Amino acid sequence: MNYLFLLASPRANGNSETLARIAAQSLSNQTQQWLALRDYPLEPFADLRHVAPINPDFPLSGGYGQPTGHSKALLETTLAATDIVFVAPVHWYSVPTLLKRYLDEWSAWLRIPDGTFKAQMSQKRYWAISTSTGANISEAEPLFSTLELSAKYFGCSLEKRLLGIGGKPDSVLLDAETLKAAKQFFMGD
Ligand SMILES: Cc1cc2nc3c(=O)[nH]c(=O)nc-3n(C[C@H](O)[C@H](O)[C@H](O)COP(=O)(O)O)c2cc1C
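Residues numbered from 1 in each chain as written. Predicted model: local features only at pLDDT ≥ 70, side-chain atom pairs only at ≥ 80, totals over all residues.

Draft legend 1. Spatial organisation of the overall build of the chain. Helix and strand counts for the chain come out as 6 helices and 5 strands. Its helices and strands in sequence order give the chain the pattern β-α-β-α-β-α-α-β-α-β-α, from N to C terminus. Relative to the 2.2 N^0.38 estimate, which gives 16 Å for 189 residues, the radius of gyration of the chain is 17 Å and therefore close to what a compact globule would have. Taken along its principal axes, the extent of the C-alpha atoms in the chain is 60 × 35 × 25 Å. (Helix = DSSP H or I, 4+ residues; strand = E, 2+ residues; numbered from the N terminus. Rg over C-alpha atoms; globule rule 2.2 N^0.38 Å.)

See below:
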């Protein structure tokens, strides 16, 4: 197995990442890759779906060609994974900008000429680890729903979700119940 931990917080060593690293301890025998989306900035998303195709042999590709730069690196890392773990704090009830932008890129990758993106993504498993200030647990629902529905787009579902309470870095460590849940998150995997 090859677990890709997609870190979506704009800050390093945030609570969501701390929680994910605790969860990942039980995966010590598995390949893990940790990728911070902030290290792979993307240009603003361009909707080229209905632009004249670059390659007339693939009309559904629209204006999308082969990805380059950070998009290419993110695509290759994504496709190499068997498991995608979204590690994302709640930002305004939803996913952080960095993760939303990454998900938008899926729309481009779906249209790579002669691509097999959708078929490959349908073979993966999806997980979600998040933190919020915890003032209201229901505030994390839009984030989890976004990720659940995004997995469902490929005929998959979230294997598991974990929500911790975080404010200052490492404040997530103060909640024993959350730590216990993190240690058990990948248990049996
Ligand atoms: C831009 C922004 C928006 C936030 N929106 C929410 C929110 O809607 N609900 C909530 O409970 N916490 C919210 N928070 C608090 C974070 O979810 C919380 O501090 C989280 O633990 C940060 O995770 P991190 O340390 O991994 O970056 C927000 C924080 C930021 C910076």
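There is more to say, and it comes next.
Draft legend 2. Region of the structure containing the pairing of strand S5 (residues 158-165). Pairing of strand S4 (residues 125-132) with S5, which is carried by 6 bridges, proceeds in the parallel orientation. Directly across from Thr-131, in S5, lies its bridge partner Gly-164. Regarding the hand of the β-α-β motif, the stretch spanning S4, helix H5 (residues 141-152) and S5 is right-handed. (Pairing = 2+ DSSP bridges. Right-handed = clockwise from strand over helix to strand, strands pointing away.)

Draft legend 3. Examining the sheet that holds S5 more closely. Pairing within the open sheet is parallel, and its 5 strands lie in the order S2-S1-S3-S4-S5. Two strands bound the open sheet, and with one partner strand each, they are strand S2 (31-36) and S5. Averaged over all neighbouring strand pairs, the angle between strand axes comes to 15 degrees, with direction disregarded. The sheet strands contacting helix H1 (residues 15-24) are strand S1 (2-7), S2, strand S3 (83-87), S4 and S5, and the helix crosses S4 at an angle near 135 degrees. (Axes fitted to C-alpha atoms, helices over the stretch in contact; angles between N-to-C directions. Contact = placed C-beta atoms within 7 Å.)

Draft legend 4. Quick peek at the site of the ligand. Within the structure, the ligand sits among 19 residues, and Gly-14, Ser-16, Pro-89, Ser-132 and Gly-166 are positioned closest to it. Elements supplying a minimum of two residues to the shell around the ligand: H1 and S4. In terms of residues, the shell around the ligand owes the most to one element, H1, which gives 3 residues. Within the shell around the ligand, the residues separate by chemical class into 6 nonpolar, 10 polar and 3 charged. (Near = placed C-beta within 6 Å. Nonpolar A, V, L, I, M, F, W, Y, C, P; charged D, E, K, R; others polar.)

Draft legend 5. Main features of the environment of Pro-53. Along the polypeptide, Pro-53 turns up in the loop between S2 and helix H2 (69-80). Looking at Pro-53, the number of C-beta atoms within 10 Å reads 18, which means it is partly exposed. For Pro-53 and Gly-65, which are 12 residues apart along the polypeptide, the C-alpha to C-alpha distance reads 8.7 Å. Not counting chain neighbours up to four residues away, the residues in contact with Pro-53 comprise Phe-58, Pro-59, Ser-61 and Gly-62. (Buried ≥ 20, exposed ≤ 12 C-beta atoms within 10 Å, placed from the backbone.)

Draft legend 6. Layout of the environment of Ile-112. Mapped onto the secondary structure, Ile-112 falls in the loop between helix H3 (97-109) and helix H4 (117-121). Assessed through the 16 C-beta atoms surrounding it within 10 Å, Ile-112 is described here as partly exposed. Here the alpha-carbon distance between Ile-112 and Leu-162, two residues 50 residues apart in the chain, equals 33 Å. Dropping the residues within four chain positions of it, Ile-112 is found in contact with Ser-61, Tyr-64, Gln-66 and Phe-117.

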